[in-house]
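# Summary of the model geometry
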Amino acid sequence: MKLSLRNNVVGLSVETPEEQAICALLGAADGHVFQLHAASDRGMAFSEIGPEDDARRAPLNIVHSIESRFAPISNLAHTPFEFGGERYASIEGFWQGLKQPGPAERRTMAKLWGAEAKRRGGAIDQPAEFAYDGATIAAGCPEHWALMRAACEAKFTQHDEARIALLATGERWLTHKVRRDSRTIPGAILADIWMRIRARLREPASAPR
Ligand SMILES: Nc1nc(O)c(N)c(N[C@@H]2O[C@H](COP(=O)(O)O)[C@@H](O)[C@H]2O)n1
């Protein structure tokens, strides 16, 4: 193995078939970040930290159009779950349904996901307050956000793909920056909900159902 150092780049070039085999194995870690351990002038070791975005904890903006492995985290994703005795096709179907006055209209919204759920809900004026489970809740207040949090907890507990996608974000800072931030649930609140759920899902006691 030949070792070189030029312009802060450590270069290694293989010389034996064994080294070539190791080099081929390392191909799987192309683009990953490694930590250098150089305790002596006789040799060194590199330990793998992980893919660059994970290692740098690059922020991840969770929106419907995100790369497919993270897409189930989005509120718009089709991630059926049950909450409060009702079935919902997506978080968006739940959230937009809260704008509706009656159970029948909420049931209709509950079946929707994706852009349609967002569009149909966007066409409804947000009432200043609404009824849910016998309580009157002011729109955009912490009680309204608590409903979002509880529904998201139900989704990530029940929907395997969504939970796996959320856990796959590792330690990355999540954001929810869209063209026009919601007046009832700011993106920062939503991102905080996801990160808190992620932390809880990592706790050993919260095994999936
Ligand atoms: N443009 C856009 N892309 C996404 O991927 C989104 N998730 C959203 N926003 C969602 O809309 C809900 C808030 O809607 P209201 O302001 O209450 O009408 C919330 O679920 C956001 O995630 N927008």
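Quick caveat: nothing in here was measured; it's all calculated off a predicted structure.

## Notes on a nonpolar patch on the surface
Taken together, the side chains of Met1, Leu3, Leu5, Val10, Leu12, Val14, Ile22, Leu26, Phe34, Leu36, Met44 and Phe46 make up a nonpolar region of the molecular surface, amounting to roughly 1,100 Å² of accessible area. For the nonpolar patch, the secondary structure elements donating two or more residues are strand 1 (2-6), strand 2 (9-13), helix 1 (17-26) and strand 3 (32-37).

## Observations regarding the pairing of strand 8 (residues 129-132)
Residues Phe130 and Tyr132 point to one face of strand 8 and are all buried, whereas Glu129 and Ala131, pointing to the other face, are not buried. The pairing of strand 8 with strand 9 (residues 135-138) spans 4 bridges and is classified as antiparallel. Within the sheet, the bridge partner assigned to phenylalanine 130 lies in strand 9 and is isoleucine 137. Where strand 8 hands over to strand 9, the hairpin turn is made up of 2 residues, of which aspartate 133 adopts a positive phi near 50 degrees.

## Let's talk about the nonpolar core
Ranked by internal contacts, the top residues of the largest apolar core, which has 36 residues, are Phe94, Phe156 and Trp194. At the level of elements, strand 6 (81-83), helix 3 (91-97), strand 8, helix 6 (142-158), helix 7 (160-167) and helix 8 (187-202) are the ones that each hand at least two residues to this core. Counting residues per element, this core draws most heavily on helix 8, at 7 residues. Not counting residues up to four positions away in its chain, the partners in contact with phenylalanine 156 are Ile73, Ala162, Arg163, Leu166, Trp194, Ile197 and Leu201.

## A word on the packing of aromatic side chains
Summed over all chains, the structure comprises 5 aromatic pairs. Relative to tyrosine 88, the ring of phenylalanine 81 has its centre 5.6 Å away and its plane inclined at 25 degrees; by these criteria the two rings are stacked. Each member of the pair phenylalanine 81 and tyrosine 88 is classed as buried. With 5.2 Å between their ring centres and 85 degrees between their planes, tyrosine 88 and phenylalanine 94 make a pair best called edge-to-face. For the pair formed by tyrosine 88 and phenylalanine 94, the shared burial category is buried.

Reading the values: rules and limits
Per chain, residue numbering runs from 1 following the sequence as it is written. Whole-chain, interface and lining totals are the exception, using all residues; otherwise, since this is a predicted model, local features are given only for residues with pLDDT of at least 70 and side-chain atom pairs are given and counted only at 80 or more. Each side-chain value is derived from all of the structure's non-hydrogen atoms; neither hydrogens nor water enter the calculation. Only residues whose relative accessible area exceeds 30% and that form no salt bridge enter a patch; like-charged residues are grouped when within 9 Å of one another, and nonpolar side chains (Val, Leu, Ile, Met, Phe, Trp, Tyr) when within 5 Å. Computed with the Shrake-Rupley method and a 1.4 Å probe, the accessible areas treat only the protein chains shown as cover for residues. By convention in these notes, a salt bridge is any Lys or Arg side-chain nitrogen within 4 Å of a carboxyl oxygen on Asp or Glu. Numbering of helices and strands runs from the N terminus; a helix is a DSSP stretch of H or I covering at least four residues, while a strand is a stretch of E covering at least two. Burial classes follow relative accessibility: with a 1.4 Å probe on protein chains only, a residue under 20% of its type's maximum area counts as buried, one over 50% as exposed, and anything between as partly exposed. DSSP-based pairing: two strands are paired if at least 2 bridges between them are found. Throughout, nonpolar core names a set of buried Ala, Val, Leu, Ile, Met, Phe, Trp, Tyr and Cys residues whose side chains join them through atoms within 4.5 Å. Contact definition: two residues touch when any of their heavy atoms are within 4.5 Å. Only Phe, Tyr and Trp rings take part, Trp by its six-membered ring, and two of them pair if their centres are within 6.5 Å. Stacked means planes under 30 degrees apart, edge-to-face means over 60, and tilted covers everything else.

Nothing here speaks to function; it is all geometry.
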